[in-house]
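Chain residues, written in single-letter form:
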Amino acid sequence: NKIECISSVIGIDSEAIINTTLAPKIEKLNQLTHKNKEKKIIYILGMQSGSPLVAGNNTSGDGLIKISGGVNPFSAFEGWKPVGTESIIEASPDLIIISERGLKGFGTMEDLRMHTALYLTPASQNNKIISIDGMASLGFGPRTIDSAIKVSETLNGIN
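Residues numbered from 1 in each chain as written. Predicted model: local features only at pLDDT ≥ 70, side-chain atom pairs only at ≥ 80, totals over all residues. Heavy atoms only, no water.

A. Seen up close, the nonpolar core. Within the largest apolar cluster, 19 residues are counted, with the highest numbers of intra-cluster contacts made by I41, Y43, L64, L95, I97, I130 and V151. For this core, the secondary structure elements donating two or more residues are α2 (14-33), β1 (41-48), α3 (60-67), β4 (95-99), β5 (129-132) and α9 (142-155). It is α9 that provides the largest number of residues to this core, a total of five residues. Apart from residues no more than four positions distant in its own chain, V151 is found in contact with I41, L64, S68, L95, I97, I130 and I132. Grouped together as the second largest cluster of nonpolar side chains are 16 residues, V54, I96, I98 and A117 included. (Core = buried A, V, L, I, M, F, W, Y, C linked by side-chain atoms within 4.5 Å. Buried < 20%, exposed > 50% of the residue type's maximum accessible area, 1.4 Å probe, protein only. Helix = DSSP H or I, 4+ residues; strand = E, 2+ residues; numbered from the N terminus. Contact = heavy atoms within 4.5 Å.)

Printed below as a string of C-alpha cells:
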C-alpha cells in the first residue's frame, strides 16, 4: 500500500517497482527463512540503564523476527520491555539484533557482546550480534526486506 501510494504521487508504475525490485528480494528471503524455524532471535532497541529493552509480541521488532523466519523468545509479553540478565540467558538467543542508535548509545559491539546480560548467550558466544538501522528494520517499508535478509543471512552464516 505504501508503494502504491507513493508511486501514484510521483507518477511511477507501482507494479513495475514491485516486480523488478521487491519480488526478487522477497524470493531470496523466502529461500533463506525456511532454515530459521527453530532459531531464537531477540531485538534490542536500546540499553536503558544497562538493561536491554527488547521486543515483545505485537511490536515491529517481533514482526522483523517473524518475517526473518525466527522465533521471538519474548513473545509472551506485549510491547517493548526492559528484560533482566537471567531472562536473556534463559531465552538463549541464537541471534541478537540491536538498533544502530541503541548500539551508539551503549558503546562498541565488543562492549555489547561482553555485557553481563548477553555474554553467556549462544548469540554472543558465536558472534551473532548485529546492528541494524532502526527505521529500515522497524519501519516496515521496502528497506525492511533488506533487514530481514541480513538477519536470515547472519543466522545462516552467509555474511
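B. Just the environment of S49, in detail. Summarising the element assignment, S49 is placed in the loop between β1 and β2 (51-55). A relative accessible area of 82% places S49 in the exposed class. Considering only alpha carbons, one finds S49 and P82, 33 residues apart in sequence, at a separation of 9.4 Å.

C. Seen up close, the packing of aromatic side chains. The tally for this structure, following the rule as stated, stands at two aromatic pairs. The interplanar angle of 80 degrees and the centroid separation of 5.8 Å between the aromatic rings of Y43 and W80 together place this pair among those described as edge-to-face. You can see Y43 sitting in strand β1 and its partner W80 sitting in strand β3 (residues 80-82), a full 37 residues away along the chain. Residue classification places Y43 among the buried positions, given a relative accessible area of 0%. Between F74 and F77, the ring centres sit 5.9 Å apart and the planes meet at 40 degrees, which makes this aromatic pair tilted. In this structure F74 comes out as buried when scored by relative accessible area, which is 7%. (Phe/Tyr/Trp six-rings, centres within 6.5 Å; stacked < 30°, edge-to-face > 60°.)

D. A look at the environment of Q48. Structurally, Q48 is set in strand β1. We classify Q48 as partly exposed; its relative accessible area is 46%. For the pair Q48 and K81, spaced 33 residues apart in sequence, the C-alpha to C-alpha distance is 9.8 Å.

E. Structural detail: the pattern of salt bridges. Under the definition given, this model contains five salt bridges. A salt bridge links D146 to K25; the shortest N-O distance between them is 3.1 Å. You can see D146 sitting in helix α9 and its partner K25 sitting in helix α2, a full 121 residues away along the chain. A salt bridge links D62 to K66, with the nearest nitrogen and oxygen atoms 3.0 Å apart. (Salt bridge = Lys/Arg side-chain N within 4 Å of Asp/Glu carboxyl O.)

F. Representation of the pairing of β2. Buried residues dominate β2, accounting for four of its five residues. One ladder, built from four bridges, connects β1 with β2; its direction is antiparallel. From the neighbouring strand, I44 faces β2, where its bridge partner is V54. Hairpin connection of β1 to β2: two residues between the antiparallel strands, including S49 at a positive phi of 50 degrees. The pairing of β2 with β3 spans three bridges and is antiparallel. Counted as the bridge partner of L53 is P82 from β3. (Pairing = 2+ DSSP bridges.)

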